[in-house]
Amino acid sequence: MLKTIIKRKILNLSIQAKLTMAFVITTFLLLAVNLFMYVHINDMISQIDAVYQSNISLNELDQALIKVQSSMTAYLNTKTSDALEEYFRSEQNYSKLVEKLNEKTQNNQLKLMEKNIKNMSENYLLTTNQTVEAKRGRNVEKYKLRYEKASKQYGYISTYIYSLNNEQFRKNASNYEMLSMTLHYFEATSTIILIVVALCNIILVIIVTRSITNPLRELSIVANQVAKGDLTVQLSGNYSKDEIGVLNKAFDTMLTNIQVYISKIRHNLEVEREMKEKELLMETHLKDAQLKYLQAQINPHFLFNTLNAGAQLAMLEDAERTYEYIQNVALFFRYNIKKNNDIVTIREEIELVDNYIYILNVRFSGEIAFEKRIDETVLHYKIPSMILQPIVENCINYGIRDIDWQGKIILEVYQDFEHICISISDNGIGMEQDVVDKIFTKKLQEADLSADSNGIGLDNVIGRLRLFYASSDVFEIVSEGHNKGTKVIIYIPLEERE
Amino acid sequence: MQSIKSEKTSNRVLFRVSIILVAFMLCATVLGLLFFRQAISKNKKAIAIEGEEQYDKHFVLITNNRGSAFWKEIYQGALEKAQENNAYVEIMGDNLSVKYNKNELIKIAIEAKVDGILLEADESVATRTMIDEAEQAGIPVVTVLSDSKRSKRQSFVGISSYDLGAKYGEQVANVVDQYYGINQEKVDHTKKSTQRALVLMNSNAQETGQNILFTGIDEMVKKQSPNSDKVVLDTALIKNDAAFAAEESIRDILHDRESQPDIIICLDELSTTCVYQTLVDYNRVGEITVIGYYNSDMILHAIEQNVVHSTIIVNTKQIGEYSIEALQEYVHTGYVSEYFSVDTSIISQDNVKNYLKEGNVENNN
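Residues numbered from 1 in each chain as written. Chains lettered and ligands numbered in written order. Predicted model: local features only at pLDDT ≥ 70, side-chain atom pairs only at ≥ 80, totals over all residues.

*Asks:* When you look at the overall build of chain A in this model, what are you seeing that I'm missing?
*Replies:* Helix and strand content of chain A: 12 helices and eight strands. Taking all 498 residues of chain A together, the buried fraction comes to 29%. A fraction of 72% describes how many contacts in chain A between residues 6 or more apart in sequence connect residues 24 or more apart. (Helix = DSSP H or I, 4+ residues; strand = E, 2+ residues; numbered from the N terminus. Buried ≥ 20, exposed ≤ 12 C-beta atoms within 10 Å, placed from the backbone. Contact = placed C-beta atoms within 7 Å.)

Printed below as a string of structure tokens:
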């Protein structure tokens with residue numbers, strides 16, 4: 001738990017902090033080791049100093065002792081005040097030095113010797129003082145005796161000092177040996193520690209720098225792949241919180257965004273392509289219809305003008321019915337010329353159907369009963385042209401041409417919730433379901449069309465309607481079977497093409 | 001994906017490695033420093049002037065034979081006892097550049113104002129004077145092993161000379177009886193008519209102790225041996241105050257084969273060793289029976305090899321202990337009994353193995 005927290009904290013540090021940490025840790029360790037070593041070196045140096053200090057101070061003591069003896073002797077010889085002064089000075093000096101000596105009984109030979117020297121010196125100084133006193137009091141007997149005593153004591157003391165000096169020197173020599181051994185230890189230890197720490201430091205620095213460069217390396221690899229065009233690659237989601245982590249994250253986000261944009265653009269292109277295809281298809285169908293129409297009506301203008309002339313002629317001759325007939329035929333043909341454009345109102349389409357039925361009724365002497373049930377409010381809606389007439393033509397040609405009973409065609413235009421419905425029904429021979437299916441799947445061959453057809457087949461109508469409304473549910477053929485008539489219903493979506 | 005995953009794991013590994021490294025560094029540093037510390041502390045302990053313990057009293061031991069193992073053991077016993085009583089014993093003159101004699105050392109001890117003196121005394125006037133001087137300076141003196149009876153010393157710790165003599169006499173009687181046999185009916189003419197036993201005595205002739213010892217030998221032989229009439233006791237003086245004098249005297253005595261004794265009785269370690277060495281040098285091992293003193297390694301081996309017949313040992317540790325006890329008692333009470341007697345025992349071929357096995361230092365009893 002703690003480990004992961006620490007780990008996260010470390011991973012979350014910035015590069016600067018990471019580098020600083022690595023260097024601080026290593027430097028601190030080296031510093032600590034060095035400090036420790038220096039403290040010990042100092043310690044040892046002071047020990048070595050102390051070792052020789054004792055010898056130095058003993059030599060001093062010896063010199064002072066010699067001075068006391070010689071100055072006393074000089075005074076005894078000369079009795080000058082200078083010599084006396086010298087004696088007192090050296091005596092003072094010596095007793096000061098002696099005071100520093102050990103005076104306790106310890107289980108140490110050298111210390112004991114010091115103690116002996118101290119005690120002997122006290123006695124000695126006592127004797128010398130007495131000697132000098134006796135000399136000043138001109139007590140010849142006494143000062144000679146005391147001088148002898150002092151000399152003896154002097155001999156003992158200097159022997160002791162000399163011996164102590166020797167002993168100490170011997171001890172110091174062995175101490176020095178030990179110290180130098182310690183120094184060797186020290187050297188070995190510090191070298192090993194320094195080597196170990198230095199090695200570890202190097203590895204640590206390598207690791208830290210690797211932890212910095214690794215994400216960079218990863219980034220460069222991924223960037224290379226992206227440069228080669230592979231946008232599907234991704235970085236490992238394990239971002240550190242340092243600057244490179246931020247960079248990696250940004251790069252990753254950028255990659256994802258690019259992919260999203262690309263797929264959007266691709267989708268848009270797809271839609272556009274489909275739209276264009278549809279438009280093209282529409283055009284093709286229309287052109288196809290027109291072509292077929294033109295093929296059928298070789299020259300509608302000529303025909304129309306001719307028919308107009310015929311109508312005027314009938315007018316002049318007072319042939320009312322002939323005039324009307326010719327007028328209707330002319331209107332029928334004119335529709336095709338006039339309505340060259342592809343969108344017309346429902347009203348116009350119904351007018352065309354009216355014309356057509358009139359012509360046919362004249363032709364077939366009123367055999368066809370045509371009934372209209374029309375909701376006048378929807379007649380302004382626009383639909384593709386040439387839709388209703390081909391259907392009506394179809395009804396007549398296939399539905400009611402060969403029947404024995406009065407043929408009837410009903411055209412209904414009404415509105416339900418979503419659609420404007422245009423239904424054209426007949427009471428003809430009806431249609432088998434497989435024929436209906438064939439019509440919807442365009443399996444009905446051109447050859448099946450009768451010669452009387454003006455050439456625009458149902459499939460053309462269905463195709464155009466479907467393209468126009470982008471829906472397959474715009475056209476329905478209902479037949480209840482043989483001799484039961486057929487009903488064609490066109491559903492025009494309300495909201496469109498107002 | 002694969003590379004990314006491995007990247008992740010490698011990151012984790014790196015992290016672990018770095019943690020381990022840091023830990024390792026710390027450990028190495030700490031261990032190294034600890035090791036160094038320990039190495040130093042060993043030396044420090046050695047360098048630190050051994051023992052800084054302080055004691056109340058400062059006693060000195062003064063003897064002419066500071067170097068001998070015998071005196072060292074006495075010193076050891078004394079030191080241990082002293083330390084128990086918050087006192088320290090110094091061997092006087094042990095590491096001085098000038099070899100002072102006993103009396104000078106007493107003088108130095110007085111000058112150094114020590115708290116008490118253990119002294120291997122003798123009956124000389126000079127020694128007696130010095131002892132008296134010390135007493136005058138308020139320093140109690142306890143004589144050890146050899147006494148200075150007429151001095152003002154506080155107490156004497158040693159072996160009763162008569163007892164010691166009796167021990168020697170016992171040995172002499174054994175040797176003589178072995179030679180002649182206990183049954184006196186038959187007189188073996190191949191054997192010498194008498195056995196001459198020579199006691200090597202210290203040259204300080206005033207010592208009554210040696211006389212008493214001699215008497216002790218004589219009486220014991222007479223008491224113990226049926227062959228005592230065939231034993232001739234004799235003495236020879238060994239000078240041991242001058243350097244190398246003892247060895248020279250012994251070689252002189254043994255030089256002439258005609259006059260060589262049958263039994264030699266040595267009263268100290270030095271003469272025992274010298275006799276042994278001389279016998280080996282002169283190739284007379286087996287000709288002379290040696291009754292020695294003290295149990296140094298050499299002497300024990302000599303007994304094992306049957307060069308020395310037997311040796312008399314004193315409880316050296318006890319000597320040291322008693323002498324300190326005497327000093328302490330005097331220092332604390334102002335009074336102490338005049339004489340402390342120390343045990344002795346005999347090492348011969350029968351029991352030498354025990355002493356050899358135990359090692360020389362510990363076989364004081």
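Past the structure itself, the notes keep going.
*Asks:* What exactly am I supposed to notice about helix α2 (residues 69-84) of chain B here?
*Replies:* Since there are 3.6 residues in each turn of an α-helix, residues three or four apart along the chain are aligned in direction. All names here are of chain B. Compared with the 22 Å implied by 1.5 Å per residue over 16 residues, the 23 Å span of α2 between its first and last C-alpha is a close match. When we look at burial in α2, the residues that qualify are Phe70, Trp71, Glu73, Ile74, Tyr75, Gly77, Ala78, Leu79, Lys81 and Ala82. Just beyond α2, the residue with positive phi is asparagine 86, at close to 60°. (Expected span 1.5 Å × (residues − 1).)

*Asks:* Sorry if this is basic, but what is going on with the packing of α2 of chain B against helix α10 (residues 316-333) of chain B here?
*Replies:* Helix packing for two helices is described by the angle between their axes and how far apart those axes are. All names here are of chain B. Where α2 contacts α10, the axes come no closer than 7 Å and their chain directions differ by 45°. If you check the angle between α2 and α10, you find them oblique. For the crossing formed where α2 meets α10, the hand is right-handed. Contact with α2, carried on its side by Phe70, Glu73, Ile74, Tyr75, Gln76, Gly77, Ala78, Lys81 and Ala82, involves Thr316, Lys317, Gln318, Ile319, Gly320, Glu321, Ser323, Ile324 and Glu325 of α10 and no other residues of that element. Grouping the amino acids of the contact of α2 with α10 by side-chain chemistry returns seven nonpolar, six polar and five charged. (Axes fitted to C-alpha atoms, helices over the stretch in contact; angles between N-to-C directions. Parallel < 35°, antiparallel > 145°, perpendicular 65-115°, else oblique. Left-handed = near helix turned anticlockwise from the far one by under 90°. Nonpolar A, V, L, I, M, F, W, Y, C, P; charged D, E, K, R; others polar.)

*Asks:* What am I meant to see in the interface of chain B and chain A here?
*Replies:* A common measure of how large an interface is: the accessible area buried when the components associate. On the side of chain A, 49 residues touch chain B, which itself brings 43 residues to the contact. Broken down by secondary-structure element, the contributors of at least two residues to the side of chain B that touches chain A are α1 (2-47), β1 (54-55), β2 (57-62), β3 (87-91) and α3 (102-111) of chain B. For the side of chain B that touches chain A, the element with the highest residue contribution is α1 of chain B, accounting for 23 residues. Partitioned by chemical class, the residues of the side of chain B that touches chain A number 23 nonpolar, 10 polar and 10 charged. The pairing of strand β1 (residues 105-106) of chain A with β1 of chain B spans two bridges and is antiparallel. Looking at the pairing, threonine 105 of chain A lines up with tyrosine 55 of chain B of β1 of chain B. (Pairing = 2+ DSSP bridges.)

*Asks:* Just to check I follow, could you spell out the packing of helix α9 (residues 346-363) of chain A against helix α10 (residues 388-400) of chain A for this structure?
*Replies:* Residue and element names in this part refer to chain A. Where α9 contacts α10, the axes come no closer than 9 Å and their chain directions differ by 30°. Looking at the two axes, α9 sits roughly parallel to α10. You can see that α9 and α10 cross each other, and the crossing is right-handed. On α10, the residues that touch Glu349, Ile350, Leu352, Val353, Tyr356 and Leu360 of α9 are Leu388, Gln389, Val392 and Ile396. For the contact of α9 with α10, the class distribution of residues is eight nonpolar, one polar and one charged.

*Asks:* How do you make sense of the nonpolar core when you look at a structure like this?
*Replies:* The tendency in soluble globular proteins is for nonpolar side chains to be buried as a group. Core analysis: the largest hydrophobic core is formed by 121 residues, its most contacted members being Ile62, Ala109, Ile117, Leu118, Val172 and Ile265 of chain B. For this core, the leading source of residues is helix α5 (residues 140-227) of chain A, giving nine residues. Discounting chain neighbours no more than four positions away, the residues touching isoleucine 117 of chain B are Val60, Ile62, Ile106, Ala109, Ala134, Ile139 and Val141 of chain B. Ranked by size, the runner-up nonpolar core spans 46 residues in total, among them Leu286, Phe304, Leu307 and Ile424 of chain A. (Core = buried A, V, L, I, M, F, W, Y, C linked by C-beta atoms within 7 Å.)

*Asks:* Where do I start with helix α7 (residues 245-255) of chain B in this structure?
*Replies:* Residue and element names in this part refer to chain B. Of the residues making up α7, those classed as buried are Ala246, Ile250 and Leu254. Looking straight down α7, one finds that the buried residues subtend no more than 60° of arc, so they occupy a single side. Exposed positions of α7 whose direction lies more than 90 degrees from the buried face are Asp252 and His255. Buried residues belonging to α7 abut β8 (231-238) and α8 (269-282). (Arc of directions from axis to C-beta.)

*Asks:* Mind showing me how you'd approach the sheet that holds strand β6 (residues 419-426) of chain A here?
*Replies:* The strands making up a sheet are joined through hydrogen bonds of the backbone, oriented either antiparallel or parallel. All names here are of chain A. Strand order in the open sheet formed by five strands is β3-β5-β6-β8-β7, with mixed pairing between adjacent strands. Looking at which strands have only one partner, the edges of the open sheet turn out to be β3 (368-374) and β7 (475-479). Here the average twist between neighbouring strands, direction ignored, is 15°. When β7 meets strand β8 (residues 486-493), the two strands line up antiparallel, connected through five bridges.

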